[in-house]
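# Results of the structural survey
What follows is the residue order along each chain.
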Amino acid sequence: MGNASRLAIWQYITAIILIAVLTGHLIERFPPVTHQSYEQSLSPSTFYSRLKGAWGIGLLLLAYVALFHGLNGIRGMLYEWLPGRRREKVWDALFWILFIIFASIATYTVIALPAPTLPK
Amino acid sequence: MSKEEKGGLNGVVKTFRNLPGFWRASLNPWLIRVRNHPERLAFVLHRVTGAIILFYLLLHILVTDVPAYHHSWSSWQSLMASFNNPANHIGEFIVAGCVFYHGLNGIRLLLTEFFGVCIGKPERPKPPYIPPTAKSCQRKLLYAVFILAAIFWVLSGLIIFGVWG
Amino acid sequence: MALSDLKAATKVPPKEVTIRIRRYSPTTGKTWWQEYKIKPHRGMTVLDALLEIKAKIDHTIVMRYSCRMGVCGSCGMIINGMPRLACQTQIAEVATENNPVITLEPLYNFPVLRDLLTDFTNFFEKHRSVKPYLLRNDEAEREEPYDQYIMSPEEYLDIYEYSLCISCGLCYAACPVAAADPEYLGPQALAYAARYVLDVRDEKPEIRLKIVDTEHGCHRCHYAGSCSMVCPKIVDPAQAIQRLRHILYKWKLGMWRKKTARTASAPKVWKPRKPLPPEVKPVRPDIDYEAIEKEPVTIEVDGIKITLRHLIPTKADKMFGEERKRAEAQSS
Ligand code: HEM
Ligand code: SF4
Ligand code: SF4
Ligand code: FES
């Protein structure tokens with residue numbers, strides 16, 4: 001009894017981080033700021049420089065934080081929809097498994113991204 | 001729907017579980033017919049948008065991994081080319097709307113649920129008996145959220161469908 | 001805002017209303033809709049209508065009620081899709097000449113025993129689970145108090161609203177989380193927890209904070225606010241829960257300490273009373289009122305005679321605590 005607030009507090013802390021990082025991420029595709037068209041902002045060179053630069057750390061943070069926040073939100077909904085002592089253990093396990101899998105994919109993306117060789 | 005209910009009367013009387021259930025409660029904002037009650041709608045939208053964004057985020061992480069996974073950019077470019085169609089733009093437009101609403105309403109929820117502000121002050125009930133929650137500034141914030149999210153959504157639509165920028 | 005239409009009682013209800021009731025029979029396990037037509041009078045409430053149906057048309061419908069004036073909290077039901085107290089809902093408020101149909105359903109989120117009667121066992125179990133009473137460090141003193149707890153009017157107003165709850169369960173029926181999760185503590189129990197956590201006279205808020213800090217406690221609330229919108233006593237559980245949650249997070253992060261009330265002792269020695277102004281002359285000089293006052297009063301109940309000591313306070317009545325016990329032991 002009395003420990004559910006740990007994850008709940010993280011739900012709000014991640015939300016606070018998300019406000020900053022997600023706004024930054026959305027601005028990346030806002031033409032008046034980037035001076036690129038919406039489609040252009042996805043070209044390999046832009047994409048590479050974005051992920052490999054200093055902002056890459058921010059994007060990785062965004063991935064971790066959004067994953068935690070979103071999956072924890074779904075976990076809460078599952079607690080409401082299908083409660084029960086044994087099932088709740090399954091939801092907790094599912095939450096951590098999905099979080100670790102997708103967080104590692106995101107990490108791998110940032111580390112192993114090859115330099116673009118094709119012309120723009 | 002009929003189900004034995006544990007409780008003091010278990011086994012004595014057959015009871016009828018009168019639960020609207022998870023889906024109706026989280027998808028139907030008019031499950032309880034109360035006038036002038038936008039918070040319930042806000043709650044349903046926050047849930048639905050949160051789930052949609054999470055679904056998008058998982059796909060987004062997988063798609064972004066494509067060039068790293070294949071160690072080449074050709075697959076990425078063909079993928080991006082295949083995404084450049086109206087159906088996909090409509091999907092992007094929906095996700096964009098979800099993000100704006102969820103993010104803005106999330107700020108309101110942070111203020112009310114986490115920081116405990118904007119929820120009104122307790123008071124002595126007096127006519128016309130409106131609860132402080134319905135009079136407090138979270139209501140105004142909520143209308144602001146609706147309006148701002150709509151504006152951002154229209155702007156994002158202009159960008160996504162190539163009208164602007 | 002169940003009481004939003006304050007002028008409802010002055011309105012003229014439609015000439016005839018149809019009352020549709022969702023009925024349930026525990027013996028067959030079937031639910032069905034049944035319709036009754038009644039002619040309402042001005043000022044008639046839904047509960048009056050039900051009682052009229054019960055008296056004149058169909059005596060088999062079952063509902064719960066007691067006070068008929070919004071005090072006991074027994075007559076909650078879903079009236080036209082909104083949880084309301086039947087005794088506080090005017091027919092004229094929910095039925096119009098164009099749409100003279102009133103649908104009545106048993107409260108959502110409660111097990112239905114029969115017709116409109118719902119089982120509150122779990123609801124009260126949850127209420128009990130948050131320890132809805134003052135917790136003091138000195139338990140002996142709590143059980144037999146001889147001091148008073150100091151509470152300022154502001155501190156009182158801080159919890160007054162929450163203490164008005166009549167446990168009618170309307171908030172629980174409106175809550176979208178309770179609609180899915182039968183283990184959720186619910187707005188009523190959580191508001192009660194908040195009411196005691198915020199009460200300066202309570203000294204052990206940690207106990208209650210731990211009780212609500214579970215996966216089916218206060219974290220399941222998503223501030224949909226429906227509880228506050230239907231509460232007939234304007235308890236505002238939504239606000240109470242958010243305040244409780246804010247305190248819980250602060251406490252978990254080590255940033256909250258409760259301000260508790262000190263006690264104020266009653267004066268040990270009573271000052272002599274100021275003499276009262278001289279009494280007016282007795283109405284009938286032939287009667288000795290003082291003698292009557294001293295006469296023992298004898299009441300007969302079921303053939304047993306009970307004699308009451310006359311009610312002039314003795315010395316022991318003016319003392320408190322240990323002193324009083326000693327004085328009583330001496331006199332007996
Ligand atoms: C600016 C960014 C965001 C903010 C400020 C924010 C804020 C919040 C807050 C405060 C909650 C808690 C609601 C409650 O308990 O009542 C929440 C829930 C949730 N969020 Fe976010 N969020 C943001 C972005 C995201 C993203 C990117 C995702 C998806 C990956 C997401 C998915 C969810 C989900 C699924 C829930 C659970 C909803 C529920 O249980 O009703 N959020 N969000
Ligand atoms: S909080 Fe209001 S609606 Fe809920 S049980 Fe108490 S009086 Fe009824
Ligand atoms: S504010 Fe919380 S307790 Fe009240 S109806 Fe909404 S979810 Fe339920
Ligand atoms: S009968 Fe007591 S509240 Fe309605």
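Before reading further, recall that the structure is shown in the block above.
All figures in this text were calculated on a predicted structure; none of them were measured in a lab.

The rules behind each value
- Every chain is numbered on its own, with residues counted from 1 as its sequence reads.
- Each chain is given a letter, starting from A, and each ligand a number, starting from 1, according to the order in which they appear as written.
- Restriction of local features to residues with pLDDT of at least 70 applies here, the model being predicted, together with a cutoff of 80 or more for giving and counting side-chain atom pairs; totals for whole chains, interfaces and linings are based on all residues.
- The side-chain numbers reported here are obtained from all heavy atoms of the structure, hydrogens and water having been left aside.
- Working rule for contacts: check all heavy atoms of both residues, and any pair within 4.5 Å makes them a contact.
- As a working definition, buried area equals the accessible area (1.4 Å probe) given up by two parts on being put together, with both sides summed.
- Any carboxyl oxygen of Asp or Glu that lies within 4 Å of a side-chain nitrogen of Lys or Arg is treated as forming a salt bridge with it.
- Pairs of N or O atoms within 3.5 Å make up the polar contacts considered here, provided that, within protein, one atom can donate a hydrogen while the other can accept it, and that residues adjacent in sequence are counted only when both atoms are side-chain atoms.
- Each helix is a run of DSSP H or I of at least 4 residues and each strand a run of E of at least 2, with the numbering of both proceeding from the N terminus.
- Polar here means any residue other than Ala, Val, Leu, Ile, Met, Phe, Trp, Tyr, Cys and Pro, which are nonpolar, and Asp, Glu, Lys and Arg, which are charged; Gly is therefore polar.
- Here the rule is simple: two strands pair whenever DSSP picks up at least two bridges between them.
- Here is the rule: rings of Phe, Tyr and Trp (six-membered ring for Trp) pair when centre to centre is within 6.5 Å. Planes less than 30 degrees apart are stacked, more than 60 are edge-to-face, and the remainder are tilted.
- Between buried and exposed lies partly exposed: a residue is buried under 20% and exposed over 50% of the maximum accessible area for its type, with that area taken using a 1.4 Å probe on protein chains only.
- Any Lys NZ or Arg CZ found within 6 Å of a ring centre and within 35 degrees of that ring's normal is scored as a charge over the ring.
- When we speak of the arc, we mean the arc of directions from the helix axis to the C-beta atoms.

### As for the interface of chain B and chain C
Of the residues lining the interface, 51 residues belong to chain B; the matching set on chain C comes to 58 residues. For the pairing of chain B and chain C, the buried interface totals around 4700 Å² over both sides, and the portion due to carbon and sulfur atoms is 63%. The partner of B:Glu113 in a salt bridge is C:Arg245, and the shortest N-O contact between them spans 3.4 Å. At the surface where chain B touches chain C, the tally comes to 18 residue pairs in polar contact (both at pLDDT 80 or more). At the level of secondary structure, the elements contributing two or more residues to the side of chain B that touches chain C comprise β1 (16–17), α1 (22–27), α2 (38–64), α5 (86–114), α6 (132–135) and α7 (137–160) of chain B. Counting residues per element, the side of chain B that touches chain C draws most heavily on α5(B), at 5 residues. Counted by class, the side of chain B that touches chain C contains 24 nonpolar, 12 polar and 15 charged residues. Sheet analysis places β1(B) next to strand β6 (residues 111–114) of chain C, joined by 2 bridges and oriented antiparallel. When the bridges of β6(C) are listed, B:Phe16 appears paired with C:Val112.

### Some thoughts on the packing of aromatic side chains
Within the structure shown, the criterion is met by 30 aromatic pairs over all chains. Between C:Phe110 and C:Tyr172, the ring centres sit 5.1 Å apart and the planes meet at 50°, which makes this aromatic pair tilted. Here C:Tyr172 lies in helix α6 (residues 170–174) and C:Phe110 lies in the loop between β5 (101–105) and β6, a separation of 62 residues in the sequence. The exposure class assigned to C:Phe110 is buried, which follows from its relative accessible area of 2%. Taking relative accessible area as the criterion, C:Tyr172 reaches 4% and is therefore assigned buried. Ring-pair connections join several aromatic residues into one group, and the members of that group are C:Phe110, C:Phe120, C:Phe123, C:Phe124 and C:Tyr172. The ring of A:Phe95 carries the charged tip of A:Arg75 above its face, separated from the ring centre by 5.8 Å.

### Regarding helix α3 (residues 44–52) of chain A
Since one α-helical turn is 3.6 residues long, residues separated by three or four positions face the same way. Within α3(A), burial applies to A:Pro44, A:Thr46, A:Phe47, A:Arg50 and A:Leu51. One side of α3(A) carries all its buried residues, which in axial view fall inside an arc of 165°. Next to the buried residues of α3(A) lie α4 (55–81) and α5 (85–112) of chain A together with α2, α3 (66–70) and α4 (74–83) of chain B.

### Overview of the pattern of salt bridges
According to the stated counting rule, one finds 27 salt bridges over all chains in the structure shown. In this structure, B:Glu39 and B:Arg139 form a salt bridge, with 2.8 Å as the shortest nitrogen-oxygen distance. Note that B:Glu39 is positioned in helix α2 and B:Arg139 in helix α7, a separation of 100 residues in sequence. Among the ionic pairs, C:Asp202 bridges to C:Arg208, the shortest N-O distance being 3.2 Å. The same class applies to C:Asp202 as to C:Arg208, namely buried. When salt bridges with common partners are traced through the structure, they connect A:Arg75, A:Glu80, A:Asp92, B:Arg47, C:Glu215 and C:Arg220 into a single cluster.

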